[in-house]
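Tertiary structure, described
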Amino acid sequence: MNRVLRAALFALVVAYLIAPLLVVAGVSLNERQVLFFPPQGLSLRWYGAAFTDPSWYRPAINSLLVATFAALIAVSIALPLSYVVWRYRVRYAKAVMAMGLAPFALPPVITALGALALWIVLQSYGRPYTVVLSHGAFLTTLPLATLTVGLQNLNPQLVEAARTMGATGSAVFRTIVFPFVRPYLIAGFVFAFVLSLNEYIIAYMTVGFTFETLPVKIFASLRYGYSPVMAAISVLFFAFAVVVFAAVGRLGDLPRLLGADETD
Amino acid sequence: MNRAPAQSRPQHRRERPEAGPWPHLLLAWPSLALTVLFLVPLGTIAALGFFRRIPAGFFEVGFVTDNYARALDSFHLERLGVSVMLALAATLITLLVAVPFTFLLTRRPRRAQVPYLVLVLASLSLSEVIVGFAWSLLLSRTSGISNVLVRIGLMETAVAWSPGLWAVILAFVFVALPLAILSLYPTFSRLDQELPEAAGTMGAPPLVGFVTVVLPLVRRAVAATAALVFIFVLGAYVIPQTLGRPAHWTIPVHITDQAIMKNHLPLAAALAIVLLVMSSVIAVAIVVIVSGRPPRAEPSVPAP
């Protein structure tokens, strides 16, 4: 297709994805507690506030804890599941797989309402572990997707060769399958981690303000009092995501992790 | 790092042993976790829609139909209509950008794709809350584009474009675009690199080649992506809440309002089931119309 058209389309998409963040970054630099763009005066004090004001760093720590454990749970579900579906012929495995992929085929608000209903029935509403478990199950889809791609790329003849040489099932897993899918496992963990860190509606409906996560905190200040700290935190979030994904891209083959074929 | 030995695609018929208790033991935790954390909650919502609300507390077990009657009254049906129209508009705009963008991106060398993929992933992971905040700033009077346009003399006075209909749609497209690009990416990047060039050497102009040669090959992936984006946008809560006027509040806003603010969980559940049925019916319709054939059970990831 036409070179100029292509450049224009790429520029449009990049500008569209970056413009809101540029304004947020500008707003975060205001000297006084105002949300002007272009900023008035230049100051980094709101970035300092994000790390020193407990009403901001506590939710940040909560979010990091939730994201770490939720991503571990997501991976702990996805790894055995994708392996069994790939390796064995088990009839109900496909049904379990469907449950793991289904959350992304549901409007997010329904998943959140389901979590709220579940934890109310179990009389655990508001406990920190509820958001960890609900995030874990919801985000299983991501490692499940990356691991399925990874296992598809693994040559089954390798496994058969190992078996004919007398390797047991667990030896095959340890020496061939696991090392091969490790990058896909890490990518799946990272995706789940970053999405949990940013997830709002499930966190709001399971723990809300009793175990405030960062998105819940940001939303609350969006409604009850703007502050440039919100902008500073948003910039830090975006920067963190860029650094993490850029690192994944440096260490692994990002196009392949996302489902492209062998290197061309 | 993860270079695999040369091989054909997984169409490979593999011998899959049924190896004693191992697979069942391995599946125990995934089955348990997903049943309790996914299936049971869905079932609970389905049941809750019929339960009776207790004004002081949450609800009591029962079988009443007033929740569904209210979920289907003219007010909520109108809200449902607005939600569907907004989601369809956002889905259409998203695909019009994502399909050519993803196609052109996958024609680039792998290395050149990486920065774009990083940007897309980072945008995808951005909290809906941050997206709502960012767009409300961008479209506001004092810190947004219009303010900048006034400064450089392109506009007379600054205006606020948020809250408003286009604020909601623009932010919907912002969250949907990265999702659509990543969903189209596997199929598009497995397309034969030479296909469009072949069409070109046969004398077809680029756009004609794209429409007649490429699009038919990727119709299923486009259809699945359209359904995915539609469902995702239809279920969004924060964006219509922060960037829309009450006239643009979608069903998720009312579900959340009933569940949290008004403490009316049974009505929220009935609304959720109505939304679920509606979104499934329309998603299937989208797949059938766009792909031109009935939906298949499996996802459309592998290339045709």
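Note that the coordinates shown come from a computational prediction; the quantities given were computed from them, not determined experimentally. Starting from 1, residues in each chain are numbered consecutively following that chain's sequence as written. Chains and ligands are labelled sequentially in the order written, the chains with letters from A and the ligands with numbers from 1. For this predicted model, a pLDDT threshold of at least 70 governs which residues receive local features, and a threshold of 80 or more governs which side-chain atom pairs are given and counted, while totals over whole chains, interfaces and linings are taken from all residues. To get the side-chain values, take all heavy atoms of the structure and skip hydrogens and water.

Topic: the nonpolar core
In a soluble, globular protein the nonpolar side chains are often hidden away together inside. Put simply, the rule is: Nonpolar cores were defined as sets of buried Ala, Val, Leu, Ile, Met, Phe, Trp, Tyr and Cys residues, with membership established by side-chain atoms within 4.5 Å. Whether a residue is buried, partly exposed or exposed follows from its accessible area with a 1.4 Å probe, protein chains only, as a fraction of its type maximum: under 20%, in between, or over 50%, in that order. Segments assigned H or I by DSSP are reported as helices when at least four residues long, segments assigned E as strands when at least two residues long, and all are numbered from the N terminus. The split into domains, and so the bounds of each, comes from an automatic or database assignment of domains. The contact criterion used is simple: two residues touch if any of their non-hydrogen atoms lie within 4.5 Å.
Ranked by size, the top nonpolar core spans 197 residues in total, and within it Leu113, Tyr200 and Phe245 of chain A together with Trp135, Phe174 and Ile255 of chain B carry the most contacts. Per element, the largest residue contribution to this core is 16 residues, and it comes from helix 7 (residues 165–189) of chain B. Here this core gathers at least three residues from each of two domains, domain 1 (1–43) and domain 2 (57–257) of chain A. Every residue in contact with Phe245 of chain A, bar those within four places of it in the chain, is listed here: Val190, Phe191, Val194 and Leu254 of chain A together with Val118, Leu121, Ala122 and Ser125 of chain B.

Focus: the packing of aromatic side chains
Rules: Only Phe, Tyr and Trp rings are paired, with Trp represented by its six-membered ring, and only when their centres lie within 6.5 Å; those with planes under 30 degrees apart are stacked, over 60 edge-to-face, the remainder tilted. We call a charge positioned over a ring when the NZ of a Lys or the CZ of an Arg lies within 6 Å of the ring centre and within 35 degrees of the ring normal.
With the rule as written, the count across this model stands at 23 aromatic pairs over all chains. With 5.6 Å between their ring centres and 50 degrees between their planes, Phe191 of chain A and Phe245 of chain A make a pair best called tilted. With Phe191 of chain A in helix 9 (residues 169–198) and Phe245 of chain A in helix 12 (residues 228–251), the pair connects residues that are 54 residues apart, well separated along the chain. With centroids separated by 6.3 Å and ring planes inclined at 70 degrees, the aromatic side chains of Phe101 of chain B and Tyr116 of chain B adopt a geometry described as edge-to-face. Note that Phe101 of chain B is positioned in helix 3 (residues 74–106) and Tyr116 of chain B in helix 4 (residues 110–125), a separation of 15 residues in sequence. Residue class for Phe101 of chain B comes out buried when judged on its relative accessible area of 1%. With relative accessibility at 23%, the residue Tyr116 of chain B sits in the partly exposed group. Aromatic ring contacts, followed pair by pair, group Tyr83, Trp86, Tyr88, Phe173 and Phe178 of chain A into a single cluster. Looking at Arg87 of chain A, its charged tip hangs above the ring of Tyr88 of chain A, at a distance of 5.9 Å from the centre. Sitting above the plane of the Trp56 of chain A ring, Lys217 of chain A keeps its charged end 4.9 Å from the centroid.

With respect to the domain arrangement of chain A
Residue and element names in this part refer to chain A. Filter applied, for reference: Here's the idea: put two parts together, see how much 1.4 Å probe accessible area each one loses, and the total over both is what we call buried area. The term salt bridge refers to a pairing of a side-chain nitrogen on Lys or Arg with a carboxyl oxygen on Asp or Glu at a separation within 4 Å.
Split into domains, chain A comes out as domain 1 (1–43) and domain 2 (57–257). Of the residues lining the interface, nine residues belong to domain 1; the matching set on domain 2 comes to eight residues. Between domain 1 and domain 2 lies a buried interface of about 690 Å² when both sides are counted; carbon and sulfur atoms form 85% of it. When the buried area of domain 1 at its contact with domain 2 is split by residue, Leu21, Ser28 and Leu35 rank highest and sum to 55% of it. Here domain 1 is connected to domain 2 by zero salt bridges.

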